[in-house]
Amino acid sequence: MSWQAARGGPEADDGMAVLAGFRRELYLSLGLRRDALFEVADAVLCRPGRVLMLAELCLEPECRRGHGGVYDALNCGEVRIGRLRAALASLPLRGWPDGRIRLACDVSNWLRPDAETSPERLFCHCHARGSGNKEMIPGWPYSFVAALEPGRTSWTLPLDAVRLGPDDDPTEVTAAQLRGVTARLIAAGRWKEGDPDIMAVFDSGYDLTRLAWLLRDLPVQVTGRLRSDRVMYSPPTPAQSAACGRPARHGPEFRFRDPGTWPAPAAAAVTETTRYGNAEARSWHGLHQRLARQRQWKDHPGQLPVIEGTVIRLEVERLPGDRSPEPLWLWSSRPEASAEEVARTWQAFLRRFDIEHTFRFLKQALGWTRPKLRDPAAADRWTWLVLACYAQLFLARDLAADIRLPWQQPCPPGRLTPARVRSGFRNLQRTLPVLASPPKPSRPGPGRPPGSKNRRPATRHDVGKNTKTGKQASKDPQTDRLNNKLSHLTPGCGRAGVSIGAGLRVVRGRG
């Protein structure tokens, strides 16, 4: 069955047909080493336990290649990412009550602290043990865009993943990702003219104002969290507008930490929740950030824009383990949001943290960050294979049986977790068409003679944004390494590869 028939034909409601159609599209999205890559993906899905190393995948019956063929497929194979992106955007999504699509954007790190021969590594922002401890560890940061689902669930659908390089601007990369995802959703018929705008939800660390400016021509509403020490500006007052001289562009200050600067809220709503008690949300319309010709806005042509939005202050009665929680500040790119839209905004922000469950499952169960790959291109191939595996679990959650251990509690129908679906995926895989060709018998090469030394050592690569400073090296190599490390920890250098996912405890729960 073709992918188009499975998506729009009379069998579109058959979950098994949709799963088979996506698997065929995945097979056609693979180029060189197609059969080996496809069998590796099946081995990841059907392995009973966690994926700890690539060599163990060749022991599964679904993978008929040896461990050398597995590594060779990732190092020299081909994954046509454009076609795979279109296939992911065509998958069915569970609708929200208001019919609005909600997307979550975040960065997850593939840490490679000991891979000195791997290029394009950045200093990744990681949380260490203890309260407030942070570390900068070399690795490959990946920016993800995933579709969220209503209700308390651990399911999301990753639609795009891009590795951030040393010369990339995270804000521009994220805007380009959302632009591409939106175009593919429109092409797949998931959004059409007249539907509500797509809501993109971010955590702190993103430049929300610049994202709203870069996406101003798309039906996308930008929503994210702000720090509690921010200062916004109201529109100019009538007295400022009537004054002589240059027209005022900024009104009175709105300091988050100074209630005396807050005018009367434009909308207020109190929602009763089972986990946090009463959640009170107040909003102020038309607030904007005062821009300056620095960093990303340095080369902006003409006058700097005034990008207005709605500021939301969310306060709850209690949190698990905290009876006096701090308020949460949000910003939406809609200049005038009603009370219903304000409630929809902060509730969508709570659902944004479902993507953390996806990251944990990709790393711990599917072994996303387990392979010790040197080439970043091979890491990209493995990343998209893992995303394709997760998409198959996403499609099979209503088809797989609840195969559980004796001490595990049964899951209600339709509420299987990704781990439970993976436990029963082998039974589904046996009923699906076999797409990969059988391996051809071959004999391994001689390899390097025993006892010989490697006369072609791999090149060592520096870590960080600016690997070449042009400074003269000192006589002490240890001093050079220390200076090189400290030079990347200056403000503005290390934040491009950080993990943007540290939220308050108020959003860690499920409301």
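**Student:** Tell me what's going on with the overall build of the chain, and back it up with residues and numbers.
**Tutor:** For the chain, the count of helices and strands is 14 helices and 12 strands. Relative to its 511 residues, the chain shows a buried fraction of 48%. Long-range pairs, those at least 24 residues apart, make up 69% of the contacts in the chain between residues at least 6 apart in sequence. Total accessible area computed for the chain in this model is approximately 25600 Å², and 50% of it derives from carbon and sulfur atoms.

**Student:** Can you lay out the pairing of strand β12 (residues 328–332) for me, pointing to particular residues and giving the numbers?
**Tutor:** Judged by how many residues are buried, β12 sits mostly within the fold: five of five residues are covered. The alternating pattern of β12 places L328, L330 and S332 and W329 and W331 on opposite faces, both of which are buried. Looking at chain direction, strand β6 (residues 220–226) and β12 are connected through four bridges and run antiparallel. Pairing of L226 across the sheet is with W329, part of β12. In this sheet, β12 lies alongside strand β11 (residues 308–316) in antiparallel orientation, the contact comprising five bridges. Residue V311 lies in a different strand from β12, and its bridge partner there is W331.

**Student:** An account of the packing of aromatic side chains is needed here, citing residue identities and associated values.
**Tutor:** In this structure the tally under the stated criterion is 20 aromatic pairs. Ring centres 5.8 Å apart and planes at 55° place the aromatic pair W262 and W284 in the tilted group. One end of the pair, W262, is in the loop between β8 (253–255) and β9 (267–273); the other, W284, is in strand β10 (residues 277–288), with 22 residues separating them in the sequence. Owing to a relative accessible area of 16%, W262 belongs among the buried residues under this scheme. One residue, R397, lies across the ring of F394, its end atom 4.1 Å from the ring centre.

**Student:** Could you give an account of helix α2 (residues 15–28), naming the residues involved and the relevant values?
**Tutor:** For α2, spanning 14 residues, the distance from its first C-alpha to its last is 20 Å, which sits close to the expected 20 Å at 1.5 Å a residue. Residues A17, V18, L19, G21, F22, R23, E25, L26 and Y27 constitute the buried set of α2. A distance of 3.2 Å separates the backbone nitrogen of M16 from a side-chain oxygen at the start of α2, and that oxygen is part of D14.

**Student:** Before we move on, can you summarise unusual backbone geometry with the specific residues and values?
**Tutor:** Of note, R33 is a non-glycine position whose phi angle comes to about 60°, a positive value. In this model, R295 sits at a positive phi of 55°, which is unusual for a non-glycine residue.

**Student:** Quick one: what's the story with the pattern of salt bridges, residue by residue and with numbers?
**Tutor:** Counted under the stated rule, the structure contains 35 salt bridges. The shortest N-O distance in the salt bridge between D98 and R102 comes to 3.0 Å. One salt bridge in this structure joins R227 and D229, with 3.0 Å as the shortest N-O distance. With relative accessibility at 49%, the residue R227 sits in the partly exposed group. Linked by salt bridges that have partners in common, R47, E56, E60, E62 and R426 make up one network.

The rules behind these values
- Residues numbered from 1 in each chain as written.
- Predicted model: local features only at pLDDT ≥ 70, side-chain atom pairs only at ≥ 80, totals over all residues.
- Heavy atoms only, no water.
- Helix = DSSP H or I, 4+ residues; strand = E, 2+ residues; numbered from the N terminus.
- Buried < 20%, exposed > 50% of the residue type's maximum accessible area, 1.4 Å probe, protein only.
- Contact = heavy atoms within 4.5 Å.
- Areas by Shrake-Rupley, 256 points an atom, 1.4 Å probe, with all protein chains shown as cover.
- Pairing = 2+ DSSP bridges.
- Phe/Tyr/Trp six-rings, centres within 6.5 Å; stacked < 30°, edge-to-face > 60°.
- Lys NZ or Arg CZ within 6 Å of the ring centre and 35° of its normal.
- Expected span 1.5 Å × (residues − 1).
- Polar contact = N/O pair within 3.5 Å; in protein donor to acceptor, adjacent residues only side chain to side chain.
- Salt bridge = Lys/Arg side-chain N within 4 Å of Asp/Glu carboxyl O.

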